[in-house]
Each structure stands twice: as structure tokens, then as C-alpha cells.
Amino acid sequence: MNSLINLGWNSFFEQSVSEDEFSSFFIARVTDEQRGMYRVITEQGEFPAVVSGKFRYKAEETDEFPTVGDWVLARGSSVEVNLMDEKLFIERILPRKSVLSRKLVDGHTPDKITAVSQPIVSNIDTVFIMSSLNNEFNPRRLERYISLAWNSNAVPVILLS
């Protein structure tokens, strides 16, 4: 059995969940995302998951979908979820404490180029940035990664080898 605290649960996330939601939904953390399919871990175990139809209908941007590290509220397709092959339906993402994302360019015509953000991981405290000190060492690249980490509300740690 997993404990939510062992998975990273804290008061920041707890304050965004009502008593009704605690009793009606599973609190889960996203551990994997592959082509719209998710793997989440709860106190009851690990389960495959998808976003619910209602969630999909309301989401407009890429960054509104779950990403690795997100805490979500999910429900099962049956009343009691106790089988490892049970699929959960993600109903809501809890507020993110931090999010590391990259910019994507959406559209290739010169008159319609919009910058879109794609989350890579969320709710992290530390980002380790590894760089080799060989001939390909690039201080500007290192600066970009440090800036990206600070902008995500995570603390960058630089490892040079």
C-alpha cells in the first residue's frame, strides 16, 4: 500500500480538495503519459487512466491536460476498484506547485504562428542539470536550462562532469 505522503502529497494539494471530493474520488499522481493514456498511482495501487469525456470537452490547450507529476482526482468505472486492470477516469487536475515546460510552435504559416506551451513535468522541487566539460560545453545552453528551471518554480542543481 502506498501512502499519499510518500508520493509527495502535502498541504499545498490538500487545501484544493473538498471533503466531498476526498470521499467521492481517488487522489492519484500521474506517473506516465503515452499518447493520451496515463498511468496513475493511488493509495490502492497503480492503474491505467484516461481523461473523462467531460474533462476532454472542457480542455482547450495542451497544458490543460495531465502531465507526469500532476495530482489528479479520478473515478473508477465500477463502484469498488480493486483489480489492477481497472481503468480510472481523470476528472480534474489539482493546482500545480511547479511546472517545467517547453515552447512549441503551433502552425507553420507565417501569418499564423502561435507559441504554445507543452508541460514536461509538474510538481517538482529540484531540477538536476547535467553537462559535460568537454569541447561541446556551451555556457549559453546551461544558462537557458537554469532559466527554464527557475521559471518552473524549481531549484536548479548544476552537475558538471
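Just so it is clear, the model here is predicted, and its values are computed rather than measured. (Residues numbered from 1 in each chain as written. Predicted model: local features only at pLDDT ≥ 70, side-chain atom pairs only at ≥ 80, totals over all residues. Heavy atoms only, no water.)

(A) The packing of aromatic side chains, seen in detail. Going through the model one piece at a time under the given rule, you end up with six aromatic pairs. Here the aromatic rings of Trp9 and Phe22 are separated by 6.3 Å at their centres, their planes lie at 75 degrees, and the arrangement is edge-to-face. Here Phe22 lies in helix H2 (residues 19-24) and Trp9 lies in the segment before helix H1 (11-14), a separation of 13 residues in the sequence. Residue Trp9 is classed as buried on the basis of its relative accessible area of 9%. In this structure Phe22 comes out as partly exposed when scored by relative accessible area, which is 32%. When the ring of Phe55 is compared with that of Phe65, the centres are 5.8 Å apart and the planes differ by 65 degrees; the resulting orientation is edge-to-face. Separated by ten residues along the polypeptide, Phe55 in helix H3 (residues 53-58) and Phe65 in the loop between H3 and strand S4 (71-76) bring together distant segments of the chain. Linked through ring pairs, Trp9, Phe12, Phe13, Phe22 and Trp71 together constitute an aromatic cluster. (Phe/Tyr/Trp six-rings, centres within 6.5 Å; stacked < 30°, edge-to-face > 60°. Helix = DSSP H or I, 4+ residues; strand = E, 2+ residues; numbered from the N terminus. Buried < 20%, exposed > 50% of the residue type's maximum accessible area, 1.4 Å probe, protein only.)

(B) Representation of the sheet that holds S4 within the structure. An order of S1-S2-S3-S5-S4 is seen for the five strands of this closed barrel, with the pairing classed as mixed. Along the sheet, successive strands turn relative to each other by an average axial angle of 55 degrees, direction set aside. Strand direction decides the pairing type here: S4 and strand S5 (residues 88-93), joined by five bridges, are antiparallel. Within the sheet, the bridge partner assigned to Leu73 lies in S5 and is Arg92. (Pairing = 2+ DSSP bridges. Axes fitted to C-alpha atoms, helices over the stretch in contact; angles between N-to-C directions.)

(C) Highlighting the pairing of strand S2 (residues 37-42). As judged from the five bridges shared by strand S1 (residues 26-34) and S2, these two strands associate in the antiparallel manner. Bridging across to S2, Glu33 finds its partner in Tyr38. Joining the antiparallel neighbours S1 and S2 is a turn of two residues, in which Arg35 adopts a positive phi near 50 degrees. Inspection of the sheet shows S2 paired to strand S3 (residues 45-51) by five bridges, in the antiparallel sense. Bridge pairing in S3 places Val40 opposite Phe47. Two successive antiparallel strands, S2 and S3, enclose a turn made up of two residues.

(D) Here's a closer look at the pattern of salt bridges. Taken as a whole and assessed by the stated rule, the structure comprises five salt bridges. When the shortest N-O distance is used, the salt bridge between Arg92 and Glu21 registers 3.0 Å. Highlighted residues: Arg92 in strand S5 and Glu21 in helix H2, separated in sequence by 71 residues. You can call Arg92 partly exposed: its relative accessible area is 28%. Across the pair Arg96 and Asp70 runs a salt bridge, and its minimum N-O distance is 2.8 Å. Of this pair, Arg96 sits in the loop between S5 and strand S6 (99-106) while Asp70 sits in the loop between H3 and S4, placing them 26 residues apart in sequence. On the accessibility criterion, Asp70 (0% relative accessible area) is buried. (Salt bridge = Lys/Arg side-chain N within 4 Å of Asp/Glu carboxyl O.)

(E) View of a nonpolar patch on the surface. A cluster of nonpolar side chains, Phe128, Met130 and Leu159, forms an exposed patch at the surface whose accessible area comes to about 330 Å². One can find Phe128 in strand S8 (residues 126-131). Classification of Phe128 by relative accessible area gives exposed; the value is 57%. (Patch = residues over 30% accessible without salt bridge, like charges linked within 9 Å, V, L, I, M, F, W, Y side chains within 5 Å. Areas by Shrake-Rupley, 256 points an atom, 1.4 Å probe, with all protein chains shown as cover.)

(F) Quick peek at the side chain of Thr42. Here Thr42 lies in strand S2. Given the relative accessible area of 0%, Thr42 is considered buried. Here the side chain of Thr42 touches Gln44 through a polar contact of 3.0 Å, landing on its backbone nitrogen. In this view, Thr42 contacts Asn2, Phe26, Ile27, Ala28, Phe47 and Leu88; residues no more than four positions away in its chain are not counted. (Polar contact = N/O pair within 3.5 Å; in protein donor to acceptor, adjacent residues only side chain to side chain. Contact = heavy atoms within 4.5 Å.)

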